[in-house]
Amino acid sequence: MIECCCFKFISWTLLAIMIIFFLFKRIIKATSIPYSQLTQTQNEQFFFDPNANKKSKFPSIMNKSSLYLSVIVPSYNEEARLPGMLDEAFEYLEKRKKNDPEFTYEIIVVDDGSRDNTSKVALEYSKKYTVDVVRVLSQDFNRGKGGAVRMGVVKSRGKLVLFADADGASKFSDFERLEKIVKVNCSSLEDDKIVVCGSRRHLEKDSIAKRSLFRTFLMHGFHFLVWFLCVKGVRDTQCGFKLLTRPAALQTFSNLHVLRWAFDVDLLYIAQYLKIPIFEVDINWHECEGSKITFGSYIQMGLDLLSIRLHYLFGAWKIDANYRPENI
């Protein structure tokens, strides 16, 4: 009698789980857009030249590259920290350009709907170095860090595309460490696809010693979820210092769905799905004041990780090496 009741209970429980799973899958697929969409306003298609006092249209990543390096700097309310980061970047970039005339570059500062003077500060650099070197993309509303990086990437001109955080936490000259990996593993920057991630994994023990027990728990929990749900083989997915060849940037960002904090995980998941080689390189990094990562950010990133896994698992999100958003 008891065995019979237990068998019925287990059977009904499994049936209920299967029904819930089926309904959940149908709901996710019905409410999702399979392929990544890229929307932009009329204003976001142009950059302002403060020296000529006119606007010009951004190019597209679909065009052939015309520079060696594009640096994308996503910025949200960064009027205070942005100058320090840009000054360090220019110190390295201008010195290298002086020593190597073939080294050409641009910096695209993407103002992600800031409420402060981020765009105004960035435009001072456009005025100083000209818009052939520094362009400011002012988004009409906040899309999130991933959305800002993607918008800058699809308007870039470089054979190599680097995105770096506006807080200056990464040492900019460490670009050479990432670049070296690309050169060793690529025969053609125009054709080969590769992603190189700057990494803080070597600093983990030291950071644990400085963090609270709660923040350490959150960090390890996030790393476990990334490994378990999405990306294996990359210890530090969240470091905001990554280098891609132009073909790799085109394929991955064309398929990007997550536009906020966890966009790096989606980017690397897509790269692994498309069998694009991913490398991880230790870089110099230091903690900066004014971090925008909060407890709520960790919760949002955790939910994004679950969303990434379920959407791809159920086929609600699609990845296609040949797909390109309409407005790219």
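Reference entry: report on the structure contained in this document. (Residues numbered from 1 in each chain as written. Predicted model: local features only at pLDDT ≥ 70, side-chain atom pairs only at ≥ 80, totals over all residues. Heavy atoms only, no water.)

### Concerning the pattern of salt bridges
Side chains bearing opposite charge may pair, as long as their charged atoms lie close to each other. Quick note on the threshold: Here a salt bridge means any side-chain nitrogen of Lys or Arg lying within 4 Å of a carboxyl oxygen belonging to Asp or Glu. Only DSSP runs of H or I with at least four residues qualify as helices, and only runs of E with at least two residues qualify as strands; both kinds are numbered from the N terminus onward. Burial classification: accessible surface area is computed with a 1.4 Å probe over protein chains only, and a residue below 20% of its type maximum counts as buried, one above 50% as exposed, and the rest as partly exposed.
The tally for this structure, following the rule as stated, stands at 12 salt bridges. Its salt-bridge partner being aspartate 132, residue arginine 157 comes within 3.2 Å of it at the nearest N-O pair. Note that arginine 157 is positioned in the loop between helix H4 (145–153) and strand E6 (158–164) and aspartate 132 in the loop between helix H3 (118–129) and strand E5 (134–138), a separation of 25 residues in sequence. Owing to a relative accessible area of 10%, arginine 157 belongs among the buried residues under this scheme. We classify aspartate 132 as partly exposed; its relative accessible area is 44%. Between aspartate 165 and lysine 145 there is a salt bridge, with the nearest N and O atoms lying 2.8 Å from each other. Of the two residues, aspartate 165 sits in the loop between E6 and helix H5 (175–185) while lysine 145 sits in helix H4, which places them 20 residues apart along the sequence. Take lysine 145: its relative accessible area is 17%, and that puts it in the buried class. Among the charged side chains, a network of salt bridges with common partners joins Arg96, Glu179 and Lys183.

### Describing the nonpolar core
How we decide: Definition used in this section: a nonpolar core is a set of buried Ala, Val, Leu, Ile, Met, Phe, Trp, Tyr and Cys residues joined via side-chain atoms within 4.5 Å. Pairs of residues are marked as contacts when any of their non-hydrogen atoms sit within 4.5 Å.
In this structure, Val153, Phe163, Val195, Cys230, Val231, Phe253 and Val265 are the most contacted members of the largest nonpolar core, which totals 50 residues. Only strand E4 (105–111), H4, E6, strand E7 (195–199), helix H7 (213–230), helix H8 (246–254), helix H9 (263–273) and helix H10 (295–313) provide two or more residues apiece to this core. In terms of residue count, the dominant contributor to this core is H9 (7 residues). What cysteine 230 contacts, discounting residues up to four positions off in sequence, is Leu225, Val265, Tyr269, Gln272, Leu305 and Ile308. Core analysis: the next-biggest nonpolar cluster, separate from the first, contains 38 residues, Leu82, Val134, Phe172 and Val182 among them.

### As for the packing of aromatic side chains
This is how it is decided: In this scheme Phe, Tyr and Trp rings, the latter by its six-membered ring, pair at centre separations within 6.5 Å, and the angle between planes marks the pair as stacked below 30 degrees, edge-to-face above 60, and tilted otherwise.
Going through the model one piece at a time under the given rule, you end up with 17 aromatic pairs. On the basis of an interplanar angle of 80° and a centroid distance of 6.2 Å, the ring pair of phenylalanine 172 and phenylalanine 241 is categorised as edge-to-face. Here phenylalanine 172 is found in the loop between E6 and H5, whereas its partner phenylalanine 241 is found in strand E8 (residues 241–245), with 69 residues between them in sequence. Comparing phenylalanine 172 with phenylalanine 241 shows no difference in burial state: the two are buried. Ring centres of phenylalanine 224 and tryptophan 227 lie 6.1 Å apart, and the angle between their planes is 40°; on these two criteria the pair is classed as tilted.

Keep in mind these values describe shape, not function.
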